[in-house]
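This is what each chain is made of:
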Amino acid sequence: MAKVAVVYWSGTGNTQKMAEAVVEGAQGAGADVECFEVDSFTVDQIDGYDGLALGCPSMGAEELEEGSYEPFFAAAVESGKLSGKPVVLFGSWGWGAGAWMETWSERTKEAGANLVDTFIVENEPDDEGLEGSKNLGAALVGAC
């Protein structure tokens with residue numbers, strides 16, 4: 001059984017709803033899943049999981065949240081712990097065109113991760129957005 005961590009940051013609750021749906025999809029695919037707000041998860045914990053679902057909304061000028069998520073992600077990249085690890089990325093956005101996800105995807109691939117897929121929704125996830133989030137969780141488990 002694959003062991004998966006869902007690690008997210010959410011300012012308005014939109015990305016949290018997506019994280020909960022990712023958990024549901026991964027559990028439905030047979031994984032042992034734990035969900036963490038980014039402040040309660042450390043880079044050292046990455047080794048304890050077969051796959052990672054990382055969630056953060058677009059902030060500012062289409063970038064990761066700077067107070068918690070960017071430092072966590074930068075440390076994960078620098079540590080080398082993403083190398084070879086199946087990863088999915090998700091988040092919500094309210095402006096722009098999704099450039100933050102493109103940049104984040106490239107950084108994830110450059111870190112050597114096996115980027116399985118990404119999924120974004122505009123603002124609050126509707127039924128389609130929640131279903132897409134569930135499918136993302138299932139896809140991660142399939143890659144573990």
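Sequence order as written defines residue numbering, which begins from 1 separately in each chain. Totals for whole chains, interfaces and linings use all residues, but because this is a predicted model, local features are given only for residues with pLDDT of at least 70 and pairs of side-chain atoms are given and counted only at 80 or more. Water and hydrogen atoms were dropped before computing side-chain values, which therefore reflect all heavy atoms in the structure.

- The name recorded for the protein in an unreviewed UniProt entry is Flavodoxin, from Selenomonas infelix ATCC 43532.
- UniProt positions are given in the numbering used here, feature names are shortened, and annotations may be inferred rather than shown by experiment. The record held by UniProt for the protein lists under Sequence similarities (unreviewed entry) the comment "Belongs to the flavodoxin family."
- Within the UniProt record for the protein, the comment given under Cofactor (unreviewed entry) is "FMN".

Quick look at the UniProt feature "domain: Flavodoxin-like" (unreviewed entry) in the protein
Phase 1 of the analysis: UniProt tags residues 4–141 as "domain: Flavodoxin-like" (unreviewed entry).
Phase 2 of the analysis: Helical segments are the DSSP runs of H or I of at least four residues, strand segments are the runs of E of at least two, and each set is numbered from the N terminus. Secondary structure across residues 4–141 divides into 38% helix and 24% strand, with the first and last C-alpha atoms of the span separated by 8 Å.

So, the environment of Leu54
Phase 1 of the analysis: Relative to the helices and strands, Leu54 is located in strand β3 (residues 51–55).
Phase 2 of the analysis: Spatially, the C-alpha atom of Leu54 lies 6.0 Å from that of Val6, the residues being 48 residues apart in sequence.
Phase 3 of the analysis: Non-local contacts of Leu54, meaning those with residues more than four positions away in its chain, are made with Val7, Tyr69, Phe72, Phe73, Val87, Val88, Leu89, Phe90 and Trp104. What makes two residues a contact is simply this: any of their non-hydrogen atoms within 4.5 Å.

Some words on helix α2 (residues 69–79)
Phase 1 of the analysis: Buried within α2 are the following residues: Tyr69, Phe72, Phe73 and Ala76. Burial along α2 is one-sided: seen end-on, the buried residues are contained in an arc of 95 degrees.
Phase 2 of the analysis: Contacts from the buried residues of α2 go to β1 (3–8), β3 and α3 (99–110).
Phase 3 of the analysis: A positive backbone phi angle near 80 degrees is found at Gly80, which sits one or two residues after α2. The buried label applies to any residue whose accessible area, calculated with a 1.4 Å probe on protein chains only, is under 20% of its type's maximum; exposed applies above 50%, and partly exposed to all values in between. Directions from the helix axis toward the C-beta atoms define the arc.

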